[in-house]
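Here is how the chains run, residue by residue.
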Amino acid sequence: MEYKNILFESNDGITLMTINSPRTMNALNSEILGELEAACQQLDRDGSVKVVIITGAGEKAFVAGADIKEMSRMSSFEGAEFARKGQRVMTRINTMRKPVIAAVNGYALGGGLELALACDFIYASEKARFGFPEVGLGIIPGFGGTQNLARLIGPSRANELIFSGRMITAEQSFSWGIINVLCPPEELISRTLATAREITTKGSLGVAFAKDVILNGLNMAKEDGFRYEASLFGVLFTTEDQLEGMAAFMEKRTAVFQGK
Ligand code: CO8
């Protein structure tokens, strides 16, 4: 697959994906959505990749939404198709076996915020701005944002943000629990990489199973979530990573995990 709008940089098990369409502030059009979907598939299959980071090119925007110029020409049928494609891509990102971190460097609006919310957690620079401007365009968030935001910060704050179409600062997003870390712009990638590196030193099967159980457990009754957690916990006792992790602890050395 030839990528026209995404830059890749891979080092030591971490792949940094930069959405690079500066003319439209990295807005998501059908082509970029297709590239994101293909990239997720490729990275998920690649055993050398342990953590993925998604960011936006340039100083101003992470992703300024879905591409309004492309959407403005859509019929109702095409609009629904576009929403379905976007939802499929966001779900693909959300359900990748490896952790995906959003490094939000600027505007994360509409589909851009939905993309960040599809990641496992968000780090952001002080320049980041978050919002769902859709109601001002006569539409609603259509790439899963209504569901993901309300689950993350509760319906009350999600309602206010979505009904008003207002943009909020990185500080406000931090205090609302949308982002985990808020830092100066020049530190965003290094801080995100540092956390990614920490994750790569752990057993990748354990990390993948933890992601699975947290994600799927949210849609289960608590006792079912407990049962699912116990099952995956048990499965890990059939892996070399579990033997290595516990042996390393007892031998007072650093574990070297193979992801099997
Ligand atoms: N789509 C297309 N082009 C965009 C977008 C966008 N979302 N955002 C910015 N651009 C373009 C501008 O048109 C402009 O292009 P040009 O130079 O050719 O006129 C260029 O980027 C720079 O933008 P500005 O001149 O406006 O830059 P400012 O710094 O003044 O403002 C903002 C930056 C605040 C980000 C402003 O551009 C803005 O408000 N953008 C639109 C934000 C928005 O409304 N996003 C939500 C879009 S809707 C959405 O995401 C729905 C998702 C679900 C879809 C469901 C399927 C149907």
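Residues numbered from 1 in each chain as written. Predicted model: local features only at pLDDT ≥ 70, side-chain atom pairs only at ≥ 80, totals over all residues. Heavy atoms only, no water.

**Observations regarding the overall build of the protein chain**
Working step 1: Secondary structure summary: the protein chain contains 11 helices and 10 strands in total.
Working step 2: Viewed in the frame of its principal axes, the protein chain has a C-alpha envelope of about 60 × 40 × 35 Å.
Working step 3: For the protein chain, the proportion of its 260 residues judged to be buried stands at 43%.
Working step 4: By element, 55% of the accessible surface of the protein chain is carried by carbon and sulfur atoms, the whole surface being about 13,500 Å².
Working step 5: Within the protein chain, one finds 27 positive and 30 negative side-chain charges whose respective centroids are separated by 1 Å. (Helix = DSSP H or I, 4+ residues; strand = E, 2+ residues; numbered from the N terminus. Buried < 20%, exposed > 50% of the residue type's maximum accessible area, 1.4 Å probe, protein only. Areas by Shrake-Rupley, 256 points an atom, 1.4 Å probe, with all protein chains shown as cover. Lys, Arg positive; Asp, Glu negative; His and termini not counted. Charge placed at Lys NZ, Arg CZ, Asp CG, Glu CD.)

**Section: the site of the ligand**
Working step 1: Taken together, 26 residues sit near the ligand, with K60, A64, A66, I68 and G111 positioned nearest.
Working step 2: One nitrogen or oxygen atom from the side chain of K60 is found 2.7 Å from an oxygen atom belonging to the ligand.
Working step 3: At a separation of 2.8 Å, an oxygen atom of the ligand approaches a polar backbone atom of G111.
Working step 4: Summarising the interface, the protein chains cover 68% of the accessible area of the ligand, which totals 1,100 Å² for the free molecule.
Working step 5: For the shell around the ligand, the elements supplying multiple residues, two or more each, are α2 (68-72), α3 (76-94), β6 (107-109) and α4 (111-118).
Working step 6: Looking at side-chain class alone, the shell around the ligand contains 14 nonpolar, 6 polar and 6 charged residues. (Near = heavy atom within 4 Å. Polar contact = N/O pair within 3.5 Å; in protein donor to acceptor, adjacent residues only side chain to side chain. Nonpolar A, V, L, I, M, F, W, Y, C, P; charged D, E, K, R; others polar.)

**Description of the nonpolar core**
Working step 1: If you look at the biggest cluster of nonpolar residues, it comprises 48 residues, and the most contacted ones within it are I54 and V104.
Working step 2: For this core, the element with the highest residue contribution is helix α1 (residues 30-45), accounting for 6 residues.
Working step 3: Setting aside chain neighbours within four positions, we find I54 in contact with M17, I19, F62, I93, V100, I101, A102, A103, L115 and C119.
Working step 4: If you look at the next biggest cluster of nonpolar residues, it comprises 13 residues, including L16, V51, A103 and Y123. (Core = buried A, V, L, I, M, F, W, Y, C linked by side-chain atoms within 4.5 Å. Contact = heavy atoms within 4.5 Å.)

**Regarding the pattern of salt bridges**
Working step 1: For the structure shown, the criterion picks out 11 salt bridges.
Working step 2: Here E251 and R253 are joined by a salt bridge, their closest N and O atoms 2.7 Å apart.
Working step 3: The network of salt bridges with shared partners includes E244, E251 and R253. (Salt bridge = Lys/Arg side-chain N within 4 Å of Asp/Glu carboxyl O.)

**Here we look at the sheet that holds strand β1 (residues 6-11)**
Working step 1: Pairing in this open sheet of 6 strands is mixed, and the strands run β1-β2-β3-β5-β7-β10 from one edge to the other. Strand pairing shows two members of the sheet lacking a second neighbour, β1 and β10 (181-183), which therefore form its edges. Strand-to-strand twist across the sheet, computed as the mean angle between neighbouring axes with direction ignored, equals 20°.
Working step 2: The pairing of strand β5 (residues 100-104) with strand β7 (residues 121-125) spans 4 bridges and is classified as parallel. When the sheet's bridge partners are listed, I101 is paired in β7 with F121. (Pairing = 2+ DSSP bridges. Axes fitted to C-alpha atoms, helices over the stretch in contact; angles between N-to-C directions.)

**Looking at the domain arrangement of the protein chain**
Working step 1: Once the domains are mapped, the protein chain shows domain 1 (6-200) and domain 2 (204-250).
Working step 2: Here domain 1 and domain 2 have C-alpha centroids that lie 27 Å from each other.
Working step 3: At the junction of the two partners, domain 1 supplies 11 residues and domain 2 supplies 5 residues.
Working step 4: The junction of domain 1 with domain 2 conceals about 540 Å² of combined surface from both sides, 60% of it contributed by carbon and sulfur atoms.
Working step 5: Put simply, domain 1 and domain 2 have 1 salt bridge between them.
Working step 6: As a salt-bridge pair, D120 and K211 come within 2.8 Å of each other at their nearest N and O atoms. (Domains from an automatic or database assignment. Buried area = accessible area lost by both parts, 1.4 Å probe.)

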